[in-house]
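Here is what each chain is made of, one letter per residue.
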Amino acid sequence: MPASALEKLILPSRVAGYTPALLDELTTTGEVVWAGAGALPGKDGWLSLYLADSAPLLLPPPHPLEETALHESVLTVLSGGYGLFFRQIADQVRATTHPDSTDPQLADVLWDLVWTGRLTNDTLAPLRSLLGSGRTAGSTAHRAKRSVPRGRYGTLTGAARPASRTGPPTVSGRWSLFPAARPEPTHRAHALARTLLDRHGVVTRGAVQAEGVEGGFSATYRVLAAFEDSGQARRGYVVEGLGAAQFAMDGAVDRLRAVSTARERRDPDAAPRAVVLAAADPANAYGAALPWPESPDGAGHKPGRKAGALVVLVEGELTLYMERGGKSLLAWAGEPDDPALVAAAQALAAAARAGTLGTVTVERTNGASSLTSPLGRTLEAAGFLATPRGLRLRA
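Anyway, here's the lowdown on the structure attached to this text. (Residues numbered from 1 in each chain as written. Predicted model: local features only at pLDDT ≥ 70, side-chain atom pairs only at ≥ 80, totals over all residues. Heavy atoms only, no water.)

What follows covers the nonpolar core. Note on soluble globular proteins: their nonpolar side chains tend to be buried together. Of all hydrophobic cores here, the largest spans 32 residues; its most connected members are Val74, Ile89, Leu110, Trp111 and Trp175. Broken down by secondary-structure element, the contributors of at least two residues to this core are α1 (3–10), β1 (32–39), α4 (69–77), α5 (86–96), α6 (103–115) and α7 (125–132). Ranked by residue count, the leading element in this core is α6, at eight residues. Setting aside residues up to four positions removed in sequence, Ile89 forms contacts with Val74, Val77, Leu78, Leu84, Leu110 and Trp175. Judged by nonpolar contacts, the second largest core, of 29 residues, contains Ala5, Val312, Ala347 and Ala351. (Core = buried A, V, L, I, M, F, W, Y, C linked by side-chain atoms within 4.5 Å. Buried < 20%, exposed > 50% of the residue type's maximum accessible area, 1.4 Å probe, protein only. Helix = DSSP H or I, 4+ residues; strand = E, 2+ residues; numbered from the N terminus. Contact = heavy atoms within 4.5 Å.)

Relative to the helices and strands, Arg87 is located in helix α5. The buried category is assigned to Arg87, whose relative accessible area is 9%.

Turning next to unusual backbone geometry. Outside of glycine, negative phi angles account for most residues, and trans bonds account for most peptide bonds. Positioned with a positive phi, Lys43 is a non-glycine residue whose angle comes to about 65°. Along the chain, the position of Lys43 falls in the loop between β1 and β2 (45–51). Look at Lys43 and you get partly exposed, because its relative accessible area is 23%. Even without glycine at this site, Glu315 takes up a positive phi of about 50°. Inspection of the secondary structure assignment puts Glu315 in the loop between β10 (310–314) and β11 (317–322).

The next thing to look at is the pattern of salt bridges. Enumeration over the complete set of coordinates arrives at 13 salt bridges. For the salt bridge of Glu184 with Arg182, the shortest nitrogen-to-oxygen distance reads 3.4 Å. Each of the salt bridges in this network shares a partner with another, and the network as a whole consists of Glu7, Asp24 and Arg128. (Salt bridge = Lys/Arg side-chain N within 4 Å of Asp/Glu carboxyl O.)

Below you can see the structure in the form of structure tokens.
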């Protein structure tokens, strides 16, 4: 999942009253491990969370990295198996191999190792600082020293204030290597298949491919077929149109049937339920288990499981898709007063008011100017305000 969506959309949608302290409590006590899985523009990156007990079985191999001598030196310093603060790492690197290395250089190296899945931290505080910075990971390391100290009278010696011993905020906390991966391929494959069943309920080819599982669906299929033979999973036509290569955990099929029955019995006059999700959220089946629907006529672009993009689902149906930055919006609905579209626009407006999305300015809807499109009237009714650039809503 995108790191930028983790604490704005993904965890708050699952945990009532979520605060960062809740996750930090789990990481600092060693219950949960976080891992980078590839860098993204804008200081963002793909991120995974693991229960510490299962991490040695589930952590994928590190991503390729053009290692320099400085990367190797940092890995060597941490090879003892314990966590070190940034200043401890920097002091050892300078004392052994790179005496002239700077804090910004070392900060960049640490984040190279993080995003390629080699390094983690006991808190997400440095990640939050990185996402909140508008510069490179190392550029926030320190400002130039002042020849004259701050304050009205200065210090007794008149000397400049020494550099911070803790290092820049983007590298706070203790850094460590991941636990050694369990080498038994059978055990790892079993743990991965079980996790996919737990996460998705119904595992399909698209869901496995969307997660970038090593070996793809063919490797997972063999284990899931063994689960079926031993009664740990059920195979069949669970979701229409996705073929017979679907595997469901116990109870998942019954729950889907119950939901389908409840939808059929739902009061037609009741307001539909809308949910705002990150497009790459595992809970969004579109682009994974389900294909994206055809883009509306004239939209000019297609939806995707992109970092920063959002979807609004109404009773499980894809209704709105917002591109990263909020300038462009796609809608799959009928008239502007369609109840599903109205519910989706209100949910989007509520998320913006809550500060989840920041200031949103929708310039185009389905390829047309938002100020003149039929969908624009629905957004205005939900609280968006017309500006020269488009329809805007502030937190």
